[in-house]
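Observations on chain architecture
So you can see what is in the structure, the chains are spelled out below.
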Amino acid sequence: MSDPSAKLIKGNTGEWEVVIGLEVHAQVLSQAKLFSGASTAFGAAPNSQVSLVDAAFPGMLPVINAFCIEQAVRTGLGLKAKINRRSVFDRKNYFYPDLPAGYQISQYKHPIVGEGKVTVDLPDGTTRRVGIERLHLEQDAGKSLHDQHPKQSYVDLNRAGVALMEIVSRPDLRSAEEAAAYLRKLRAILRYLGTCDGNMEEGSMRADVNVSVRRPGAPLNTRCEIKNVNSMRFVQQAVEYESRRQIQVLEDGGTIRQETRLFDSSKGETRSMRSKEEAHDYRYFPDPDLLPLEFDQAFVDRIAATLPELPDEKKARFVSQYGLGAYEAGVLVAEREPAEYYESVAKGRDPKLAANWVSVELFGQLNKAGKDLAQSPVSAAGLGELLDLIKDGTLSQRLAKDVFALMFETGKGAAAVVAEKGLKQVSDTGAIEAAIDKVIADNAAKVAEYRGGKPTLFGWFMGQVMKATGGKANPGMVNPLLKKKLDG
Ligand code: MN
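From a predicted model like this one, the values you see are computed outputs, not experimental measurements.

Scanning the chain for helices and strands turns up 15 helices and 16 strands. Dimensions along the principal axes, computed over C-alpha positions, put the chain at roughly 95 × 55 × 55 Å. Counting only residues that meet the buried cut, the chain has 48% of its 488 residues in that class. Counting contacts in the chain only where the partners sit at least 6 residues apart, residues at least 24 apart contribute 68% of the total. Here the chain carries 64 positive and 63 negative side-chain charges, and the mean point of each set is 3 Å from the other.

The domain architecture assigned to the chain consists of domain 1 (8-303), domain 2 (311-421) and domain 3 (429-487). Put simply, the middle of domain 1 and the middle of domain 2, counted by C-alpha atoms, are 37 Å apart. Contacts between the two partners involve 10 residues from domain 1 and, on the opposite side, 11 residues from domain 2. Interface of domain 1 and domain 2: buried area, both sides summed, is about 870 Å²; carbon and sulfur atoms make up 44% of it. When the buried surface of domain 1 facing domain 2 is broken down by residue, Lys185, Arg191 and Tyr192 rank first, second and third, together holding 57% of it. Scanning the region where domain 1 abuts domain 2 turns up five salt bridges. Notably, a salt bridge pairs Glu335 with Arg187, separated by 3.3 Å at the nearest N-O pair.

Next up on the list: the environment of Asp172. Topologically, Asp172 is positioned in the loop between β10 (163-169) and α2 (176-193). A relative accessible area of 23% places Asp172 in the partly exposed class. When sequence neighbours within four positions are dropped, the list of residues in contact with Asp172 reads Ile20, Arg128, Arg129, Val130, Gly131 and Glu178.

The coordination sphere of the manganese ion, as far as protein atoms go, consists of His25 (NE2), Glu138 (OE) and Glu166 (OE), spread over 2.0 to 2.2 Å. Of note, the manganese ion draws all its donor residues from one chain, in the sequence arrangement H-x112-E-x27-E. Placement of the pair is His25 in strand β2 (residues 15-27) and Glu138 in strand β7 (residues 127-139), with a sequence separation of 113 residues. For Glu138, a relative accessible area of 3% translates into the label buried.

Further remarks concern a nonpolar patch on the surface. A cluster of nonpolar side chains, Leu52, Phe57 and Met60, forms an exposed patch at the surface whose accessible area comes to about 270 Å². By the element assignment, Met60 lies in the loop between β2 and α1 (66-78).

Bringing the sheet that holds strand β4 (residues 90-93) into the picture now. The strand order across the open sheet built from three strands is β5-β4-β15, with neighbouring strands paired in antiparallel fashion. Lying at the two open borders of the sheet, with one neighbouring strand each, are β5 (103-106) and β15 (285-286). The pairing of β4 with β5 spans four bridges and is antiparallel. Pairing of Asn93 across the sheet is with Tyr103, part of β5.

Moving on to the packing of aromatic side chains. Under the defined criterion, the tally for this structure stands at 13 aromatic pairs. Arranged with centres 5.4 Å apart and planes meeting at 80 degrees, the rings of Phe35 and Phe89 form a pair that is edge-to-face. Taken as a pair, Phe35 in the loop between β2 and α1 and Phe89 in the loop between β3 (86-87) and β4 lie far apart in primary sequence, 54 residues in all. Comparing Phe35 with Phe89, the two get one shared label, buried. Ring centres of Tyr450 and Phe461 lie 6.2 Å apart, and the angle between their planes is 80 degrees; on these two criteria the pair is classed as edge-to-face. Of the two residues, Tyr450 sits in helix α13 (residues 444-451) while Phe461 sits in helix α14 (residues 458-468), which places them 11 residues apart along the sequence. The pair formed by Tyr450 and Phe461 is uniform in burial state, with each residue classed as buried. The ring of Phe458 has Lys483 lying over it, and the distance from NZ or CZ to the ring centre is 4.9 Å.

Most of strand β13 (residues 259-264) is tucked away: five of the six residues are buried. Where strand β12 (residues 224-229) lies against β13, three bridges are found, and the strand directions are parallel. Paired with Glu225 across the bridge in β13 is Thr260. Crossover connection from β12 via helix α3 (residues 232-251) to parallel β13: handedness left-handed. Alignment of β13 against strand β14 (residues 269-275), held across six bridges, turns out to be antiparallel. By the bridge assignment for β14, Leu262 is matched with Arg271.

What counts as what
- In this numbering scheme, every chain counts its residues from 1 along its sequence in written order.
- Local features are withheld for residues below a pLDDT of 70 in this predicted model, meaning they are given only at 70 or higher, and side-chain atom pairs are given and counted only at 80 or more; totals for whole chains, interfaces and linings count all residues.
- The basis for the side-chain values is all heavy atoms of the structure; hydrogens and waters are excluded.
- Numbering of helices and strands runs from the N terminus, with a helix taken as a DSSP run of H or I at least four residues long and a strand as a DSSP run of E at least two residues long.
- Relative accessibility thresholds used throughout: buried, under 20% of the residue-type maximum; exposed, over 50%; partly exposed, between the two (1.4 Å probe, protein chains only).
- Any two residues having at least one pair of non-hydrogen atoms within 4.5 Å are treated as being in contact.
- When charges are counted, Lys and Arg contribute as positive and Asp and Glu as negative, whereas His and the chain ends are disregarded.
- Every charge is mapped to an atom, namely NZ of Lys, CZ of Arg, CG of Asp or CD of Glu.
- An automatic or database domain assignment provides the domain bounds reported here.
- By buried area we mean the combined loss of accessible area, with a 1.4 Å probe, across both parts when two parts are placed together.
- Throughout this description, the term salt bridge denotes a Lys or Arg side-chain nitrogen within 4 Å of a carboxyl oxygen of Asp or Glu.
- Donor selection uses N, O and S atoms within 2.8 Å of the metal (3.2 Å for Na, K and Ca). Since no water is included, sites may look incomplete.
- In this analysis, a patch consists of residues with relative accessible area above 30% that form no salt bridge, clustered at 9 Å for like charges and at 5 Å for the nonpolar side chains Val, Leu, Ile, Met, Phe, Trp and Tyr.
- For accessible areas, the Shrake-Rupley method is used with a probe of radius 1.4 Å. Any residue's cover is judged against the shown protein chains and nothing else.
- Being paired, for any two strands, means DSSP has found at least two bridges between them.
- The rule is short: rings of Phe, Tyr and Trp, with Trp giving its six-membered ring, pair when the centres are within 6.5 Å, and they are stacked under 30 degrees, edge-to-face over 60, tilted in between.
- Consider the ring centre and the ring normal. A charge sits over the ring if Lys NZ or Arg CZ is within 6 Å of that centre and within 35 degrees of that normal.
- A right-handed crossover is one whose linking path, passing over the helix from the first strand to the second, runs clockwise when the strands point away from the viewer.

Here is the structure:
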């Protein structure tokens, strides 16, 4: 079925639709590995976190880490997916220096989590449902190091055996932007759940991107898989490059070979790595060292009871409880911390004003300074204090922005900045009247023009009075006073 909302790509011979599915490997947040007690901490000295099980010494037996199972179930619940109370661990056989056992323990026909769905928020404010096909648990491999010795490669097994969740989406995505937005949303859900830190730079989340192109409405075409893409931006670039490459091949009369490709981020292009294995190449069979994994509904229910409010529910609540627009609410709930920050600023205050200050002023300054919220010099309480000064008339919106910039720069509180810089809004009638009188006296010609029937000049007079008071006059007071004097 052609999707009416799909963004089509124009080729030389007509339009094409790109079809994308993602297989995301997400490292389970857990102290210990999936089948051994070795640590999972990132950045340790090579081979310092390797148990005999991870190194595949003869006779070593894997023992399942119950916490990793819990994390997979928690993730499945967060993805609104079917939890399979019986699943099976299989051996996926292949030979590679960073895989000492010669096989990876994974799940094949019977994964721990079945079908689910993710609602993706697109930049234009619309949403798209993306089907999740499955989530299975498996071990990560080690790492080959090719840059430590001129003639030899080394192997670091610290990562070998770390638990991964492989989350496979349906081919429901129709553009590079959608693929990146899906990954962003999936990452947000995992981070809310606390089941993966989503740190793509450290490799805790990486995506295999399946791309094919077809004529709108035509059946699915052969796909290529782009391996291990490790940022949202690279996912987007890889899809853009790969879809154009495939269109060109097809328009030139060629055919797409099913293959695994690499994304070269320095060149922004994909290139062939190997022809894609079929599942039978791996000779999957149930791991004889592990019984099928079974748990009861009570185990699932216990985890379900601890689930936090997830981004979609939080967004819906922000819209209904605070009257925010969908887009603004989406920005605030994209991560857990900003959402909490916002709610503490909004508590007992105008929620729309609070949302505007958090998402525009605060995020803007943080962005400019290259800081994240945890490093913000302005706390939620501090921003709340500033909003209170707007409400009681001490500060105009404009002055408040200046005060905020100084708070951000110095880490001082709103009241302290106002006192120190004398930024208090002038609400003293006498001072305002004096300023108005001076503006009127200095601009006799304009006054005559205004009185002669040009009321649009009023705005100009407002501007002059504000300027004369250094922007500190309370505009709500200037307006009626100025009107009275000009008209009277
Ligand atoms: Mn995998």
